[in-house]
Amino acid sequence: EASTVTGTGTGGAITRRDAERAVSLGPTEEVVVALSNGQRRMGQHMSVSMLSAPHGFVAVEVDASVFDELDSQGRETHEGFAITDESVVTVAAVRALAEFEFLNATFADDQLTVHRTISVGFTRHVEDDGMLVPVVHAAAGLTLRALSRRTAELDERLSSRQLNADDLMGGTFTVASATSEHTLWTEPIIIQPEVAILSVGAVRHVPVVVTRDGVLSLEVGRRVILGLSFDHRVCDAAAAAKYLERVGELLAGLDVASER
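A brief report on the enclosed structure follows. Quick caveat, the model's predicted, so the values are computed rather than measured.

### Examining unusual backbone geometry
Right, on to step 1. Looking along the chain, the bond that leaves Gln-192 and enters Pro-193 is cis, with omega of 5°.
Right, on to step 2. For Pro-193, the location among the structural elements is in the loop between β8 (173-176) and β9 (196-200).
Right, on to step 3. With a phi angle near 60°, Asp-110 is a residue other than glycine that sits in the positive phi range.
Right, on to step 4. For Asp-110, the location among the structural elements is in the loop between β2 (105-108) and β3 (111-114).
Right, on to step 5. The exposed category is assigned to Asp-110, whose relative accessible area is 71%.
Right, on to step 6. Of note in the backbone geometry, Ala-138 takes a positive phi value of approximately 50° without being a glycine.
Right, on to step 7. Residue position: Ala-138 is located in the loop between β7 (135-136) and α5 (144-159).
Right, on to step 8. By relative accessible area, which is 44% here, Ala-138 ends up partly exposed.

Put into structure tokens, the structure is as follows:
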């Protein structure tokens, strides 16, 4: 409104500069939004994690052609549960932890505890309440079918607000999925007292350089970027990259037909 603008021109006339300045300032009314208890707790937890653990991060692009096979066979298990990109990568990630046990650990009171049981947490956004991390306990040895069933059951209890304390406790390793179909990778904060968290980017169709009979050519392929935030007291970038590469190898070799 012109009546709200103070003119600096001759006789108080509003100049073009006055008008542009008024527009750039925008509305003067402000809205104060209070954080929910969940948002406040999440912020506190993440702040403590950043202060207590020296974070490192590595990202590796791996072959995701297994998803072509999955798409051709169907995105449901024989029991009717949805098979997500997250569950497929998690199966490979859990199996790789058997060779990288130091990542399946918790750090407390200057003492590292390496766990023989792998309990995987999954980050979940909760409307107006920040984030929760439901846990699939004893995930080692689970097939894709079994893991899909367990995560579906947790998500159902989450949506109906029926998660109990046991569903949210005891995690030893966490997986954070892509936040959208355009997310290449994320650099998540470690969920204390764990020492690592795996991020899964969007599975994409990309141009891939291949060698056939000694000749380089371009083909359409599937790729996904996996990232690992890790505690530098326990792991370094070289070991983190080796773990991600091993996850990629296991992902490429996953027998979808037998595990559906």
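### Here's the deal with the packing of aromatic side chains
Right, on to step 1. Summed over all chains, the structure comprises 3 aromatic pairs.
Right, on to step 2. Centre to centre, the rings of Phe-100 and Tyr-243 are 5.5 Å apart; their planes meet at 75°, and the pair counts as edge-to-face. On the criterion of sequence distance, the pair formed by Phe-100 in the loop between α4 (85-97) and β2 and Tyr-243 in helix α6 (residues 237-252) is long-range, its members being 143 residues apart. Across the pair, exposure class does not vary: Phe-100 and Tyr-243 are buried alike.
Right, on to step 3. Where Phe-173 meets Tyr-243, the ring centres are 6.1 Å apart and the plane angle is 70°; that geometry is what we call edge-to-face. You can see Phe-173 sitting in strand β8 and its partner Tyr-243 sitting in helix α6, a full 70 residues away along the chain.
Right, on to step 4. What makes Phe-173 buried here is its relative accessible area of 1%.
Right, on to step 5. Tyr-243 sits in the buried class, given a relative accessible area of 0%.
Right, on to step 6. Of the aromatic side chains, those joined through ring pairs into one cluster are Phe-100, Phe-102, Phe-173 and Tyr-243.
Right, on to step 7. Geometry around Phe-107 places Arg-233 over its ring, the cationic atom sitting 3.9 Å from the centre.

Procedures and definitions
- Residues numbered from 1 in each chain as written.
- Predicted model: local features only at pLDDT ≥ 70, side-chain atom pairs only at ≥ 80, totals over all residues.
- Heavy atoms only, no water.
- Helix = DSSP H or I, 4+ residues; strand = E, 2+ residues; numbered from the N terminus.
- Buried < 20%, exposed > 50% of the residue type's maximum accessible area, 1.4 Å probe, protein only.
- Phe/Tyr/Trp six-rings, centres within 6.5 Å; stacked < 30°, edge-to-face > 60°.
- Lys NZ or Arg CZ within 6 Å of the ring centre and 35° of its normal.

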